[in-house]
Amino acid sequence: MAFYLVVSNFKAAYDALSSSNKTKVNPTLTNLGLDLSNGLSVAELGILGDPAKGILYNDQGTPRDPVQYFQNIINGQDFNTAVTGYLNAYNALSSSDKTKVNGILLIFGLNLADGISDAERAILGSATLGILYDANGLLRDPALSMAFYLVVSNFKAAYDALSGSNKSAADLTLASLGLSLQTLDATDLNVLGDPTKRILYDEQGAPRDSVQTFSVYVKTGLLIGSLQSNASFVSAFNLLFGANVPTSGILPSASLQILFDLTGNSAYVQADFLAALPKAASLHGALTASLRLNFEKLFGIPVVNQVTSNAVYRKALFDISGEAGYSQTSFLNVLPGAASLYSVLQGNSSRRQSANLLFGTSFQSTGDLAAANRSVLFDIAGGPGYQESDFLPALDRTASLYQALQQNSSLRADFNLIFGSTVAGSGTPSVTDRTRLFNTAGDPNFNLGAFSTVLPKAAGLYRALQTNVSKLFSFNSRFGTNLPAVGSPTSGPDIGKLFDITGDPNFNLNAFLESL
């Protein structure tokens, strides 16, 4: 009786159509073997009750809305039109694309190469599979469906092309996405088509490069495996990235996205990342209130923003702890001294200019501190026995000496000869020359005027000795030196001897040479 009622409602919905709408639906009904314009025959009752045709009932056995059924035909969204459109979209594919799509269609139990059978019509009409219609009952665009199948096929091919070890790594990532590509099934298709996961398509809806995607998935899987094999890694990662990576099992989507962002960066190297990870977490925890003020001074990150949710701060932690030879103890010991020195240079234009001259820096009274300048501060403050109270006066004296040499070519030539340096008339001194300059002027008793007076005499004596082998031999014998016949002296005591001799107010070069 229930069937008869459904048939009656179906016939009544047809009879209620206007003549023009009946004309629109009749061809579809004829294809189904129905002619409702002259009543119903026993044969037509059989057709209406055929579950393979799905006219009166959906695949769940629920009666369809007959008014909607006919409206879909009128609008071109009826099942039969949808089936035809689906087959036409398949037939429009190239031979190679059909081959790719065939593998996906087999997941549904479909083979469109030989048309569509009644059994396949039933599959296409399945609301559970949702092949022709979406969850809201709206007709899918068959061309877009075929395009989706092609993207899925390329995605699966990229996975299949991976080596065994890379597949294992990718599988860890895929598991957190709800995928298992060893054997593709309908559940996987639903996941791949989920727009919120953005697996196959980017934010603009363009297909992703499957090979590149799996490159990231492999890196992500390797990172997942490494993190989950070490509880301290998981703890450090969750602390620094605000993630919720478990020590085993699949990752929450938000945590997985954090890993994607990380491993998708072209600069990412897992070995470097894992080496720095615990160090960065430790450094974050070791920064006391006072050290955070020093950190703010040197790295330009306000204390209030020194939180792990701040990507800039987090990057700074990794950059610091990832440097070769990094030691947290050394870094924290030097940090206050470097910050204090920077404050002095910012507040004293003369010393700031001296530092810029000698170290090739670009310190300013305000503004951001460049990484190269910050590195210089750490190098200075981290030097053996560094004391700011000693360094600053030495900086003043050394800058004055360097400027005097730059402004006097004769004095500069004498200095380069005696100290084996290459000081030029402009620019910044080399590291070696800067060390020689500081070694010279760093003595608290250094006097530029006296030095500038004695240096030409010392150089004059040295040149005279080098032009007379016997005199040089006599000098070395008498004073226990080892001055060479060419080049510069290589011994500090030898240089000191030259200065001691020529520093005598009564020194006379000719008389001295005569005495040898």
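Higher on the page you've got the structure.
Just so it is clear, the structure is predicted and the values come from calculations on it, not from any experiment. (Residues numbered from 1 in each chain as written. Predicted model: local features only at pLDDT ≥ 70, side-chain atom pairs only at ≥ 80, totals over all residues. Heavy atoms only, no water.)

1. Digging into the overall build of the chain
Along its length, the chain carries 26 helices and zero strands. Expressed along its principal axes, the backbone C-alpha trace of the chain runs to roughly 145 × 50 × 45 Å. Classification of the 516 residues of the chain by burial places 43% in the buried group. If you take every contact in the chain between residues at least 6 apart in sequence, the share linking residues at least 24 apart comes to 62%. Of the roughly 25400 Å² of accessible surface on the chain, a fraction of 53% belongs to carbon and sulfur atoms. Side-chain charges in the chain split into 32 positive and 38 negative, and the spacing between the mean points of these groups amounts to 8 Å. (Helix = DSSP H or I, 4+ residues; strand = E, 2+ residues; numbered from the N terminus. Buried < 20%, exposed > 50% of the residue type's maximum accessible area, 1.4 Å probe, protein only. Contact = heavy atoms within 4.5 Å. Areas by Shrake-Rupley, 256 points an atom, 1.4 Å probe, with all protein chains shown as cover. Lys, Arg positive; Asp, Glu negative; His and termini not counted. Charge placed at Lys NZ, Arg CZ, Asp CG, Glu CD.)

2. Brief notes about the packing of helix α5 (residues 79–91) against helix α6 (residues 95–108)
Two quantities define a packed helix pair, namely the angle between the helix axes and the distance between the axes. Axis separation between α5 and α6 bottoms out at 10 Å; the angle between their running directions is 140°. Between α5 and α6, the angle falls in the class oblique. Counted together, Tyr86, Tyr90 and Asn91 of α5 and Lys98, Val101, Asn102 and Leu105 of α6 form the full contact between these two elements. When its residues are assigned to classes, the contact of α5 with α6 shows four nonpolar, two polar and one charged. (Axes fitted to C-alpha atoms, helices over the stretch in contact; angles between N-to-C directions. Parallel < 35°, antiparallel > 145°, perpendicular 65-115°, else oblique. Nonpolar A, V, L, I, M, F, W, Y, C, P; charged D, E, K, R; others polar.)

3. Side note on the environment of Thr213
Inspection of the secondary structure puts Thr213 in helix α11 (residues 210–228). Sequence separation of Thr213 and Gln403 is 190 residues, and the distance between their C-alpha atoms is 58 Å. The residues contacting Thr213, other than those within four sequence positions of it, are Phe155 and Arg208.

4. Digging into the packing of aromatic side chains
For the coordinates displayed, the defined rule picks out 38 aromatic pairs. With a centroid separation of 5.6 Å and an interplanar angle of 85°, the aromatic rings of Tyr69 and Phe70 are classed as edge-to-face. For the pair formed by Tyr69 and Phe70, the shared burial category is buried. Measuring from ring centre to ring centre gives 5.5 Å for Phe451 and Phe499, while their planes differ by 10°; the resulting arrangement is stacked. With Phe451 in helix α23 (residues 448–466) and Phe499 in helix α25 (residues 492–502), this pair connects stretches of sequence that are 48 residues apart. Both residues of the pair, Phe451 and Phe499, count as buried. An aromatic cluster is built from Phe295, Phe299, Tyr313, Tyr326, Phe331 and Phe378, whose rings are joined through pairwise contacts. (Phe/Tyr/Trp six-rings, centres within 6.5 Å; stacked < 30°, edge-to-face > 60°.)

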